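# Commentary on secondary and tertiary structure
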Amino acid sequence: MTEILRPDAEEMDAADPLAGYRDQFVIDDDTLVYLDGNSLGRLPKATQSLVIDVLTHQWGSRLIRSWGERWMDLPTRLGDLVATTMLGANPGEVVVCDTTTVSLYKALSAAIDARPGRRSVVIEEDNFPTDRYVLEGLARRNDLKIRWIKSRGADGLTSADLENVLDDSVAVVTLSHVDYRSSALLDMPGLTSLAHSAGALIVWDLCHSVGAVPIDLEGSAVDLAVGCTYKYLNAGPGAPAFGYVRAALQPELSQPIWGWWSRAEMFDMGPGYQAESGIRAWLTGTPGVLSLAAVEPGVRMLADAGLVAVRAKSVALTELAVRLYDEWLSAAGFSLCSPRDPERRGSHVTIGHPNAQQIVQRLLERGVVPDFRRPDGIRLGFAPLTTRYVDVYDGLQAMREAAADG
Ligand SMILES: Cc1ncc(COP(=O)(O)O)c(C=O)c1O
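Residues numbered from 1 in each chain as written. Predicted model: local features only at pLDDT ≥ 70, side-chain atom pairs only at ≥ 80, totals over all residues. Heavy atoms only, no water.

## Some remarks on the sheet that holds strand β9 (residues 335-336)
- Judged by pairing direction, the sheet is antiparallel, and its four strands sit side by side in the order β9-β10-β13-β12 without closing on themselves. Every other strand in the sheet has two partners, leaving β9 and β12 (371-373) as the edge strands with one partner each.
- For strand β10 (residues 348-352) and strand β13 (residues 377-381), the ladder comprises five bridges, and the chain directions are antiparallel. Looking across to β13, one finds that Thr-350 is bridged to Arg-379. (Pairing = 2+ DSSP bridges. Helix = DSSP H or I, 4+ residues; strand = E, 2+ residues; numbered from the N terminus.)

Written out as C-alpha cells, the structure reads:
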C-alpha cells in the first residue's frame, strides 16, 4: 500500500459532501484539531442565536407566558424530533429530559418492576460507569443478582456471551450500543431478540451511537433506550438526555420518580398520583429550558445531512485513523483498542500506549484535543459534521511525534 500523505487527506476533504456543514458551527480557531466531539460536540451557530432568543424574547419579554406558548410541550416535541430523525422510532415514544443517569434509573427500574419474580439482571463489566452504578444500586434495593458479562476487549461482546448468562431468571439486560472506550458497535436487533427469547426486557444506552450511527429502535424491537444529546447531537454541556419507551410497552411500565410533570392533569394539583398517559408519564419535574431548547439545531442539522451520509463519513474517518495507526504507530509501542472491522466500530477509535497520559498532555500542548481514558487509552472521536480528514491526519501525526520525542 502506498504511503498516505497530507495532500491525500486534503483531497478527501475537497471531495467530502458533508464538508460544508463545518461552516455552520462556531469555530474560532481553525487550526485546533478537535478530536473530542464524542464527549462534547461543537457549538452550532444556530444554537447561539436560538438560545439568545430564548433568553431575551421567550424569557425576557414573554416571561411566564412562554410556558403555555411553547415550553410545556418542548420535552415531547423534541422527543418526537429525535425519535423520528435519529432513532427509527415513532412520535410519542421519546421524551427529552433529565440526565442520562436519571433516565437510566427510570428505565431500568421500570423494567425490573415489570418482571416480578425474576431475580437477576445482566450488564457488561465494560459498560460505562454510570450504567454499572445505577444497576448495582437497583440490584441492592431489589435484592437481585447481577450477572456480569466478562470484558471482551476491543471487539465487544458476541451473542454467545449474552446467551451464556441468559435464562428465565433474568429480568433485564442493559447494553451500550457503542462502547465508550473500545468503540465496539453491538448487534442491536440480534442481542435484543436474544434477551426477548429468555423473556427479559432490554435497555440500550445510545450515548455513543446517536447522531453517528443510524439506529432502528422499532425495527430492532427495542424495549427501552436512553442517550445523551451533548455528544454527536451538539446540544451543549449538560444538555438533557432522551428516553425511549416502545409504545406497546407504555401502558404496562411505570417509572419510579412520581413528579408533578408526569401526573395526569398536573395543574389540578390534587391529592394522590396518577400517571399521565403516554410518554409524558416519563417526565418528572420542570425541565431546564435553555439546555432543552438547545437540542433542536444539532438534531436538525444531522437530519438534514442524513445519517447514511454521516455514517459513511464516520467510517471513512475511522478507516483513515486505523490505516495511519498501522503505518505509523503499530511499530512504535501503540496498540489498537478498537475493532478493525468498520461494521463493528462506532465513530471513535481508541489507541493504547503505556505512556498515554503523557502523550495526551503533549497533544493538548500542540493544539490536538483527544480524550485520555484510564489506564492507557487515547480516545479519538470523529464527529462527521465537523471533523476533517486532515484533522485525523494531523492528530495521528502528532501522536507519532509525541511518542518519538519520548
Ligand atoms: C455511555 C454513557 N452512558 C452514560 C453517560 C452519563 O451521562 P450523564 O452524565 O448525562 O448522566 C455517559 C457520559 O458520558 C456515557 O458516555
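The rest of the description comes next.
## Here we look at the layout of surface pockets
- There is about 270 Å³ of room inside the largest pocket.
- Looking at the largest pocket, it is lined by 23 residues, and the ones nearest its centre are Thr-100, Phe-128, Cys-207, Tyr-230 and Lys-231.
- The set of elements that each furnish at least two residues to the lining of the largest pocket consists of α5 (100-113) and α6 (129-142). (1 Å grid on protein atoms, 1.4 Å probe; cavity = no way out; pocket = protein on both sides within 12 Å on 5 of 7 lines; lining within 4 Å. Points joined across faces, edges and corners; volume = space filled by probe spheres on them.)

## What about the site of the ligand?
- Inspection of the region around the ligand gives Thr-99, Thr-100, Thr-101, Phe-128, Thr-130, Asp-131, Asp-205, Cys-207, His-208, Tyr-230 and Lys-231 as its neighbouring residues.
- Between the ligand and Thr-100 there is a distance of 3.1 Å, counted from an oxygen atom to a side-chain nitrogen or oxygen.
- Here a nitrogen atom of the ligand sits 2.7 Å away from a polar atom, N or O, in the side chain of Asp-205.
- Alone, the ligand offers 400 Å² of accessible surface; in the complex the protein occludes 83% of this.
- Where the shell around the ligand is concerned, the elements lending two or more residues are α5 and α6.
- Broken down by class, the residue content of the shell around the ligand amounts to three nonpolar, five polar and three charged. (Near = heavy atom within 4 Å. Polar contact = N/O pair within 3.5 Å; in protein donor to acceptor, adjacent residues only side chain to side chain. Areas by Shrake-Rupley, 256 points an atom, 1.4 Å probe, with all protein chains shown as cover. Nonpolar A, V, L, I, M, F, W, Y, C, P; charged D, E, K, R; others polar.)

## What to know about the packing of helix α11 (residues 307-329) against helix α13 (residues 389-404)
- Where α11 contacts α13, the two axes come as close as 10 Å, and the packing angle between them is 25°. When the axes of α11 and α13 are compared, the pair comes out roughly parallel. Crossing geometry of α11 relative to α13 is assigned as right-handed. Contact residues: Lys-313, Ala-316, Leu-317, Leu-320, Ala-321, Leu-324, Tyr-325, Trp-328 and Leu-329 in α11; Tyr-389, Val-392, Tyr-393, Leu-396, Gln-397, Met-399 and Arg-400 in α13.
- The class makeup of the residues in the contact of α11 with α13 is 13 nonpolar, one polar and two charged. (Axes fitted to C-alpha atoms, helices over the stretch in contact; angles between N-to-C directions. Parallel < 35°, antiparallel > 145°, perpendicular 65-115°, else oblique. Left-handed = near helix turned anticlockwise from the far one by under 90°. Contact = heavy atoms within 4.5 Å.)

## Re the domain arrangement of the protein
- When the domains of the protein are assigned, the result is domain 1 (6-44 + 306-404) and domain 2 (72-303).
- Using only C-alpha atoms to locate each centre, domain 1 and domain 2 end up separated by 28 Å.
- Residue-level contacts link 32 residues of domain 1 with 29 residues of domain 2.
- Contact between domain 1 and domain 2 buries roughly 2,500 Å² in total, counting both sides, with carbon and sulfur atoms accounting for 57%.
- Of all residues in domain 1, Leu-307, Arg-344 and His-348 bury the most surface against domain 2, accounting for 25% of the area lost on that side.
- Across the contact surface, domain 1 and domain 2 share zero salt bridges.
- Linking domain 1 with domain 2 are 15 residue pairs in polar contact (both at pLDDT 80 or more).
- The element that contributes the greatest number of residues to the side of domain 1 that touches domain 2 is α11, accounting for four residues. (Domains from an automatic or database assignment. Buried area = accessible area lost by both parts, 1.4 Å probe. Salt bridge = Lys/Arg side-chain N within 4 Å of Asp/Glu carboxyl O.)

## Notes on the nonpolar core
- Judged by nonpolar contacts, the single largest core of 87 residues is most densely connected at Leu-87, Leu-162, Val-173, Trp-204 and Leu-206.
- Sort the elements by how many residues they give to this core and helix α4 (residues 74-87) lands first, with seven residues.
- Val-33, Ala-321, Val-368 and Met-399 belong to the second-largest nonpolar core, a separate cluster that totals 33 residues. (Core = buried A, V, L, I, M, F, W, Y, C linked by side-chain atoms within 4.5 Å. Buried < 20%, exposed > 50% of the residue type's maximum accessible area, 1.4 Å probe, protein only.)

## Re empty space enclosed by the protein
- In this structure the tally under the stated criterion is three cavities of 30 Å³ or more.
- One number sums up the size of the largest cavity: a volume of about 90 Å³.
- If you go around the largest cavity, the residues you meet are Val-95, Cys-97, Ser-103, Lys-106, Ala-107, Leu-224, Ala-225, Val-226, Gly-243, Tyr-244, Val-245 and Trp-282.
- Of all the secondary-structure elements, those providing two or more residues to the lining of the largest cavity are β2 (94-97), α5, β7 (224-227) and β8 (241-245).
- Looking at side-chain class alone, the lining of the largest cavity contains nine nonpolar, two polar and one charged residues.
- Taken as a whole, the second largest cavity spans an internal volume of roughly 50 Å³.

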